[in-house]
Amino acid sequence: MNGQRVLVTGGGGFIGSNLVNHLADENDVVALDDGYLGTVENVNPDVEYVERSVLEDDLPTDVDVVFHLAALSSYAMHEENPTKGARVNVEGFVNVVEQARDDGCDTVVYASTSSIYGDRTEPSPEDMPVTVNTGYEASKLARERYAEYFHNHYGLSMAGMRFFSVYQGMEEGAESHKGDYANLIAQFTDDVANGRRPEIWGDGTQTRDFTHVSDIVRGLELAADHELTGIYNLGTGEQYSFNTLVERINEALGTDVAPVYEDNPIPEDVYVHDTMADASKMREATGWEPEISFDEGVRLVCSQYE
């Protein structure tokens, strides 16, 4: 992208701020955030930062492209207040897209989730049947259906990106303000580097497709450049267990800190035990490939503590 005016909702958050700071070099970028999960401290000072809610009227949607990343982004947040979760994740999405459409913007890239695939030890393609077990998953699937409506009824380009376990790190990333909501690589590395035993729910055999935020940012930009419509996975196509993650962190830091195992507070019938992406659709549409391997990503996060 070059020379465009761009709005990033959730622009002070983890993924949003990385996207904002990347795009700001060659574009006119507005970062919008309500301050719940984001902070202006994550955003380059030359970026226009607007502290507003996606539920408000008169948002700065007179742009060429909208990246809608604002959301209550976890199971726990939705269970605390399901009504608020639906309002922010569904009503906020519709509100932003409708205002953008009224202002002449016809390209929207938005965050969905890979959680709706459930447990998968094989790569998950976008066209596989999905089910909804949590309010968080329901809100993201609702976004996808509304996006289908906006495309079919109004002809907007609507690209839904299903992210797989995005990470960066606490010390030099944009995750430190998220605390317990930060990705496990960031949390576990911070624990081990500071001599604390990382807490694993269950036996540690559960797996994730850990995807570095820089690869996610490139995918989001490519989706806008190609004016994609539909659903696309952003993940590496590999999965690693939590036990393996702790082992690799210890190797990178030269430490020997064992995890502590605790009962999983999330009900077993809704907990996603394994995830892995099939990103072939995104690759075929844009040429996108993940560039940061799991081992390199762990080393990058650990290097922040040297």
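Quick look at the structure, then. (Residues numbered from 1 in each chain as written. Predicted model: local features only at pLDDT ≥ 70, side-chain atom pairs only at ≥ 80, totals over all residues. Heavy atoms only, no water.)

Side note on the overall build of the protein
Part 1: In terms of helices and strands, the protein carries nine helices and 13 strands.
Part 2: Taken against the 2.2 N^0.38 rule, which gives 19 Å for 306 residues, the C-alpha radius of gyration of the protein at 19 Å falls within 12% of a compact globule.
Part 3: In terms of principal-axis extent, the alpha carbons of the protein reach across some 55 × 40 × 40 Å.
Part 4: Evaluated residue by residue, the protein yields a buried proportion of 55% over its 306 residues. (Helix = DSSP H or I, 4+ residues; strand = E, 2+ residues; numbered from the N terminus. Rg over C-alpha atoms; globule rule 2.2 N^0.38 Å. Buried < 20%, exposed > 50% of the residue type's maximum accessible area, 1.4 Å probe, protein only.)

With respect to the sheet that holds strand E11 (residues 230-234)
The strands that make up a sheet are held in pairs by hydrogen bonds between backbone atoms, and each pair lies either parallel or antiparallel.
Part 1: Strand order in the open sheet made by the seven strands is E3-E2-E1-E4-E5-E6-E11, with parallel pairing throughout. Every interior strand has two partners, whereas the edge strands, strand E3 (48-51) and E11, have only one. The average undirected angle you get between the axes of adjacent strands in this sheet is 20°.
Part 2: Pairing of strand E5 (residues 107-111) with strand E6 (residues 157-163) involves five bridges; the strand directions are parallel. (Pairing = 2+ DSSP bridges. Axes fitted to C-alpha atoms, helices over the stretch in contact; angles between N-to-C directions.)

Re a negative patch on the surface
Part 1: On the surface, a cluster of negative charge is contributed by Asp-64, Asp-106, Asp-225 and Glu-227.
Part 2: By secondary structure assignment, the location of Asp-225 is in helix H6 (residues 213-225).
Part 3: The exposure class of Asp-225 is partly exposed, given its relative accessible area of 38%. (Patch = residues over 30% accessible without salt bridge, like charges linked within 9 Å, V, L, I, M, F, W, Y side chains within 5 Å. Areas by Shrake-Rupley, 256 points an atom, 1.4 Å probe, with all protein chains shown as cover. Salt bridge = Lys/Arg side-chain N within 4 Å of Asp/Glu carboxyl O. Lys, Arg positive; Asp, Glu negative; His and termini not counted. Charge placed at Lys NZ, Arg CZ, Asp CG, Glu CD.)

Quick word on the nonpolar core
Part 1: The biggest cluster of nonpolar side chains holds 35 residues, and the ones touching the most others in it are Ile-15, Phe-67, Met-161, Phe-163, Leu-220 and Met-282.
Part 2: Only strand E1 (5-9), helix H1 (14-23), strand E2 (28-33), strand E4 (65-68), E5, E6, H6 and E11 provide two or more residues apiece to this core.
Part 3: Ignoring sequence-local partners within four residues, the contact set of Met-161 consists of Val-109, Tyr-110, Ala-111, Ser-112, Thr-113, Gly-219, Leu-220, Ala-223, Tyr-232, Leu-234 and Met-282.
Part 4: Counting 21 residues, the second largest nonpolar core, distinct from the first, contains Leu-7, Val-30, Val-54 and Val-63. (Core = buried A, V, L, I, M, F, W, Y, C linked by side-chain atoms within 4.5 Å. Contact = heavy atoms within 4.5 Å.)

Section: the pattern of salt bridges
Part 1: What the rule picks out here adds up to 14 salt bridges.
Part 2: Taking the shortest distance from any N to any O, the salt bridge between Glu-48 and Arg-5 comes out at 3.9 Å. One end of the pair, Glu-48, is in strand E3; the other, Arg-5, is in strand E1, and 43 residues separate them in sequence.
Part 3: A residue is classified by how much of its surface remains accessible, and Glu-48, at 37% relative accessible area, is partly exposed.
Part 4: Given a relative accessible area of 22%, Arg-5 falls into the partly exposed group.
Part 5: Salt bridges sharing common partners tie together Arg-5, Asp-28 and Glu-48.

Side note on the packing of H1 against H6
Part 1: Running from N to C, H1 and H6 point in directions that differ by 65°, and their axes come no closer than 10 Å. Viewed along their axes, H1 and H6 form a crossing whose handedness is right-handed. Mapping the contact onto sequence places Phe-14, Ile-15, Asn-18, Leu-19, His-22 and Leu-23 in H1 and Val-213, Ile-216, Val-217, Leu-220 and Glu-221 in H6.
Part 2: Split by residue class, the contact of H1 with H6 holds eight nonpolar, two polar and one charged. (Left-handed = near helix turned anticlockwise from the far one by under 90°. Nonpolar A, V, L, I, M, F, W, Y, C, P; charged D, E, K, R; others polar.)

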